Amino acid sequence: MCAVLTYSMILADTGSALATTVGKSLGRTSSLLGITTVLLLPLCWLKDLSSLAPFSLAGIIGMLYTAFAMGARYFGKAYAAVPVAAVAKKGAAVAAAKFVVDPK
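Residues numbered from 1 in each chain as written. Predicted model: local features only at pLDDT ≥ 70, side-chain atom pairs only at ≥ 80, totals over all residues. Heavy atoms only, no water.

### As for the overall build of the protein chain
So, step 1. The secondary structure content of the protein chain amounts to five helices and zero strands.
So, step 2. The linear arrangement of helices and strands in the protein chain, starting from the amino end, is α-α-α-α-α.
So, step 3. Per-residue burial over the protein chain gives 9% buried out of 104 residues.
So, step 4. Taking the intrachain contacts of the protein chain between residues at least 6 apart in sequence as the baseline, contacts between residues at least 24 apart amount to 20%. (Helix = DSSP H or I, 4+ residues; strand = E, 2+ residues; numbered from the N terminus. Buried < 20%, exposed > 50% of the residue type's maximum accessible area, 1.4 Å probe, protein only. Contact = heavy atoms within 4.5 Å.)

### Section: the environment of P42
So, step 1. For P42, the position within the fold is in helix α2 (residues 28–44).
So, step 2. With near-sequence residues (within four places) excluded, P42 lies in contact with T36 and T37.

### A look at helix α1 (residues 2–21)
So, step 1. The terminal C-alpha atoms of α1, which comprises 20 residues, lie 29 Å apart, in line with the 28 Å expected from a rise of 1.5 Å per residue.
So, step 2. Of the surrounding secondary structure, the elements contacted by the buried residues of α1 are α2.
So, step 3. In the stretch just after α1, G23 is the one whose phi turns positive, near 95 degrees. (Expected span 1.5 Å × (residues − 1).)

### Some thoughts on a nonpolar patch on the surface
So, step 1. Judged by side-chain polarity, L43, L46, L49, L52 and F55 come together as a nonpolar surface patch covering roughly 460 Å² of accessible area.
So, step 2. When you line up the elements, F55 lands in helix α3 (residues 53–75).
So, step 3. The exposed category is assigned to F55, whose relative accessible area is 61%. (Patch = residues over 30% accessible without salt bridge, like charges linked within 9 Å, V, L, I, M, F, W, Y side chains within 5 Å. Areas by Shrake-Rupley, 256 points an atom, 1.4 Å probe, with all protein chains shown as cover. Salt bridge = Lys/Arg side-chain N within 4 Å of Asp/Glu carboxyl O.)

### Focus on the pattern of salt bridges
Should the charged atoms of two oppositely charged side chains come close, the side chains can pair.
So, step 1. Inspection of the entire model under this criterion finds one salt bridge.
So, step 2. With its nearest N and O atoms 2.5 Å apart, the salt bridge here joins D13 to R28. Taken together, the positions of D13 in helix α1 and R28 in helix α2 put the pair 15 residues apart, joining distant regions of the chain.
So, step 3. In this structure R28 comes out as partly exposed when scored by relative accessible area, which is 42%.

### Considerations on the packing of aromatic side chains
So, step 1. Following the criterion strictly, the structure yields one aromatic pair and no others.
So, step 2. Judged by centre distance (5.1 Å) and plane angle (75 degrees), the ring pair of Y74 and F75 falls under edge-to-face.
So, step 3. For Y74, a relative accessible area of 53% puts it in the exposed group.
So, step 4. The exposure class assigned to F75 is exposed, which follows from its relative accessible area of 67%. (Phe/Tyr/Trp six-rings, centres within 6.5 Å; stacked < 30°, edge-to-face > 60°.)

### Considerations on the confidence of the model for the protein chain
So, step 1. Residues at a pLDDT of 70 or more form 75% of the protein chain, whose mean pLDDT is 80.
So, step 2. Across the protein chain, α3 holds the top mean pLDDT of 92, while helix α4 (residues 84–87) sits lowest at 58. (pLDDT = per-residue confidence, 0-100.)

### Describing the layout of surface pockets
So, step 1. When its volume is computed, the largest pocket comes out at roughly 280 Å³.
So, step 2. Surrounding the largest pocket, V4, Y7, L11, L39, L40, L43, C44, L52 and F55 form its lining.
So, step 3. Contributions of two or more residues to the lining of the largest pocket are made by α1 and α2.
So, step 4. Of the residues forming the lining of the largest pocket, the biggest block, four residues, is contributed by α2.
So, step 5. When grouped by side-chain class, the residues that make up the lining of the largest pocket number nine nonpolar, no polar and no charged. (1 Å grid on protein atoms, 1.4 Å probe; cavity = no way out; pocket = protein on both sides within 12 Å on 5 of 7 lines; lining within 4 Å. Points joined across faces, edges and corners; volume = space filled by probe spheres on them. Nonpolar A, V, L, I, M, F, W, Y, C, P; charged D, E, K, R; others polar.)

Set out below in structure tokens:
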């Protein structure tokens, strides 16, 4: 049950962000109720989950594509190290970086 609630919360945040992107003002609560009643509740009522198999395969293919893209960017040196001087302009980021390097 907690996993479904967590999933609903993530979808609510995503739904409200997508609504903002297309120019609609949609609150988090409205997004949560809409996504839960329109998408998740009917999935909970399914007696046979075999109809979801193609979507599971699509999810696996999407994860493999993401892993491949990240690997290609990493080995292509697209993730370059940021110089400390560039980070110094962001006050809180500097304090966090110093704490990670030397937590004393």
